[in-house]
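What the coordinates show
Below, each chain spelled out in residue letters.
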Amino acid sequence: MMRKGENIIFGCHFPRLYLCPMKLLDGKLVSQAVKDRLKTQTDERMLQGKKVPHLAAILIGNNGASETYVASKVKSCSEIGFKSTLIRLDADVTEQELLFKLNELNEDFDVDGILVQLPLPKGISEQKIIETILPSKDVDGFHPESVGRMVQGLPAFYPATPYGILLLLEHYGIETKGKHAVVIGRSNIVGRPISIMLNKNEYPGNCTVTVCHSHTPNLKEICLQGDIIIAALGRPEFLKADMVKHGAVVVDVGITRVADDSKKSGFAIKGDVDFENVAPLCSYITPVPGGVGPMTIAALMMNTFKACAAKD
Ligand code: NAD
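Residues numbered from 1 in each chain as written. Predicted model: local features only at pLDDT ≥ 70, side-chain atom pairs only at ≥ 80, totals over all residues. Heavy atoms only, no water.

The next subject is the overall build of the protein. Secondary structure summary: the protein contains 10 helices and 11 strands in total. Against the compact-globule benchmark of 20 Å for 312 residues, the protein has a radius of gyration of 20 Å, which places it among compact chains. Across the 312 residues of the protein, 49% fall into the buried class. Look at the contacts in the protein between residues 6 or more apart in sequence, and 69% of them connect residues 24 or more apart. For the protein, the computed accessible surface area is about 15000 Å², with 53% contributed by carbon and sulfur atoms. For the protein, the distance from the average position of its 35 positive side-chain charges to the average position of its 35 negative side-chain charges is 4 Å. (Helix = DSSP H or I, 4+ residues; strand = E, 2+ residues; numbered from the N terminus. Rg over C-alpha atoms; globule rule 2.2 N^0.38 Å. Buried < 20%, exposed > 50% of the residue type's maximum accessible area, 1.4 Å probe, protein only. Contact = heavy atoms within 4.5 Å. Areas by Shrake-Rupley, 256 points an atom, 1.4 Å probe, with all protein chains shown as cover. Lys, Arg positive; Asp, Glu negative; His and termini not counted. Charge placed at Lys NZ, Arg CZ, Asp CG, Glu CD.)

The subject of this paragraph is unusual backbone geometry. The amide bond that connects Leu118 to the next residue, Pro119, takes the cis arrangement and shows omega of 5 degrees. Along the chain, the position of Pro119 falls in the loop between strand E4 (113–116) and helix H4 (126–132). Cis geometry is found at the peptide bond from Tyr203 to Pro204, where omega equals -10 degrees. For Pro204, the location among the structural elements is in the loop between helix H7 (191–199) and strand E6 (208–212). If you check the backbone angles, Asn206 has positive phi at about 55 degrees while not being a glycine. Its place among the elements puts Asn206 in the loop between H7 and E6. Here the phi dihedral of Glu237 falls at roughly 55 degrees; this positive angle occurs in a residue that is not glycine.

The next thing to look at is the pairing of strand E2 (residues 54–60). Every regular strand shows the same layout, with side chains that alternate between the two sheet faces. Counting buried positions along E2 yields seven of seven residues, so the element is predominantly enclosed. Of the two faces of E2, the one holding His54, Ala56, Ile58 and Ile60 and the one holding Leu55, Ala57 and Leu59 are both buried throughout. Read as a crossover between parallel neighbours, the route from E2 over helix H2 (residues 64–80) to strand E3 (residues 83–89) is right-handed. Across four bridges, the pairing between E2 and E4 is parallel. Opposite Ala56, over in E4, you have Ile114 as the bridge partner. (Right-handed = clockwise from strand over helix to strand, strands pointing away. Pairing = 2+ DSSP bridges.)

Right, let's get into the packing of aromatic side chains. Aromatic ring pairs: the centre-centre distance and the angle between the two ring planes describe each pair. Counted under the stated rule, the structure contains two aromatic pairs. Here the aromatic rings of Tyr158 and Tyr163 are separated by 5.6 Å at their centres, their planes lie at 85 degrees, and the arrangement is edge-to-face. Note on Tyr158: relative accessible area 16%, which makes it buried. Between the NZ or CZ atom of Arg45 and the centre of the ring of Phe305, over which it lies, the distance is 5.9 Å. (Phe/Tyr/Trp six-rings, centres within 6.5 Å; stacked < 30°, edge-to-face > 60°. Lys NZ or Arg CZ within 6 Å of the ring centre and 35° of its normal.)

Turning next to the pattern of salt bridges. Throughout the structure, instances matching the rule amount to 16 salt bridges. A salt bridge links Asp110 to Lys83; the shortest N-O distance between them is 2.7 Å. On the criterion of sequence distance, the pair formed by Asp110 in the loop between helix H3 (95–107) and E4 and Lys83 in strand E3 is long-range, its members being 27 residues apart. The class of Lys83 is partly exposed, set by a relative accessible area of 43%. If you follow the salt bridges from partner to partner, you end up with Lys51, Lys83, Asp110, Asp112 and Lys311 in one network. (Salt bridge = Lys/Arg side-chain N within 4 Å of Asp/Glu carboxyl O.)

This next bit is on the site of the ligand. With respect to spatial proximity, 22 residues lie near the ligand, and among them Arg186, Ser187, Val253, Ile255 and Thr296 are the closest. In the environment of the ligand, a nitrogen atom lies 3.5 Å from a nitrogen or oxygen atom belonging to the backbone of His213. Calculation on the ligand without its partners gives an accessible area of 860 Å², and the protein chains cover 74% of this total. Here the shell around the ligand takes three residues from helix H10 (residues 292–309), the largest share from any one element. Among the residues making up the shell around the ligand, the classes are represented as 10 nonpolar, 10 polar and two charged. (Near = heavy atom within 4 Å. Polar contact = N/O pair within 3.5 Å; in protein donor to acceptor, adjacent residues only side chain to side chain. Nonpolar A, V, L, I, M, F, W, Y, C, P; charged D, E, K, R; others polar.)

Moving on: a nonpolar patch on the surface. Together, Tyr69, Ile255 and Ile269 line one region of the surface with nonpolar side chains, adding up to about 230 Å² of accessible area. Here Ile255 is to be found in the loop between strand E8 (249–252) and strand E9 (256–259). (Patch = residues over 30% accessible without salt bridge, like charges linked within 9 Å, V, L, I, M, F, W, Y side chains within 5 Å.)

Attention shifts here to the sheet that holds strand E7 (residues 228–231). One open sheet holds the six strands; their spatial order is E1-E11-E8-E7-E5-E6, and the pairing between them is parallel. Whereas interior strands pair on both sides, the edge strands pair on one side only; in this sheet they are strand E1 (23–24) and E6. Of the pairings in the sheet, the one linking strand E5 (residues 180–184) to E6 comprises five bridges and is parallel in character. Pairing of His180 across the sheet is with Thr208, part of E6.

The next subject is the state of the cysteines. Summed over the entire model, instances satisfying the criterion amount to zero disulfides. No disulfide involves Cys223; its sulfur sits 5.4 Å from the nearest other cysteine sulfur, which is in Cys212. (Disulfide = S-S within 2.5 Å.)

A few words on the environment of Gly191. Within the secondary structure, Gly191 sits in helix H7. On the basis of relative accessible area, Gly191 is assigned to the buried category, the value being 0%. When the C-alpha positions of Gly191 and Leu24 are compared, they lie 21 Å apart, and in sequence the two are 167 residues distant. The contact partners of Gly191, leaving out residues within four places of it in the chain, are Val183, Gly185 and Arg186.

Next up, the structure:
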C-alpha cells in the first residue's frame, strides 16, 4: 500500500529495470498550503479594514457530483474566511431566469467571483451563460475574454483546473523548460488551456506541447515521447504502462464515477491513468482522488482572492 508524499519503490511484479523512485504530487497537501496562505492574506485584509473576498456559486438541479463539488468550494471559502453565497435553482430553471440571476450578481458590488456549476440542464446554452458573467468576476476563467488574455500572456483568470496543475508542478519544483508535454484531451476547460499554459514563456512552462484527442491515430507513440503527460479525457484507466516512458511526470485529471458495490456510495472514482501499473515508471504522479481535484478548488480560491484584491 503506498503512502502519500513519500518516495516509494515498487517491487514484486515489475522488472527491476523499470523501477523508479516515484513521488506523489499530493494535491490535498498542496491545496491546503495554498488555502492556508490565502487565509493569512484574508486575515490581513480584514485587519486593514479591506473587503473580504465573496464567491457566489450557482447550483442547478440535483446532480450528485455537482452537489459534492459545490459543497467543497463553499467549505473552502469558509475555511479561508471568504464570504460565499450558494444559489440553488431548480432543474427546470429557464435560460432567461438564469441570465437574470447572473445579471443581478454582476451588478452586486459585494460579489467578487461568480461560478455556475457545470453541466447545465438541457436547453440552457453553456456558452451564453459563460459569456454573461462579467470578465472581472469570471473566477472559473471560461469567458472568451479571460481565455484570450491568457493566450496572449496578459494577466487573466486562468481556468481553475489547469491553473491548479501549474500550482502543483510549481510546488514540487518540477522542471518544465524544454520538456515535451503531451496533453490528452482538448476541452475548453482542461486540455486546450493547459496546453497553452505549459507552452508560455515562463515557469512553469516553456514546454514543447503536443495535444492529442479522439482523432489522434498514433497516441501511444506520442505519449511515449512525453516527459510530462497530462491525461484529461475522461476514460477510466486509459493511460497504460506501455504508453509511458521511464521517469515521466504524469498528471491525471480524470474523474469518472464507476459502479462499485463494495463502496457505500455504490461508486468508485477512477482517473484516466492505470495508476497501479503506471506509477512505478514515473518520477511524479498525481493520485485520484487527492491530486488535481483539490488543486482545482485551491486555484478557484486564488482567482476569487485576486478578483477581490483588484477592487482595492
Ligand atoms: P471532455 O469530455 O470535454 O473532453 C475530453 C477530451 O478528451 C476531448 O477533447 C476528446 O477529444 C478527448 N478524448 C476522448 N476520448 C479520447 C481518446 N480515446 N483518445 C484521445 N483523446 C480522447 O472532458 P473534460 O471536461 O476535459 O474532462 C476530462 C476529464 O477530466 C473528465 O474525467 C472530467 O471529469 C475530469 N475533470 C476533472 C477536473 C478536476 O478538478 N479534477 C476538472 C475538470 C474535469
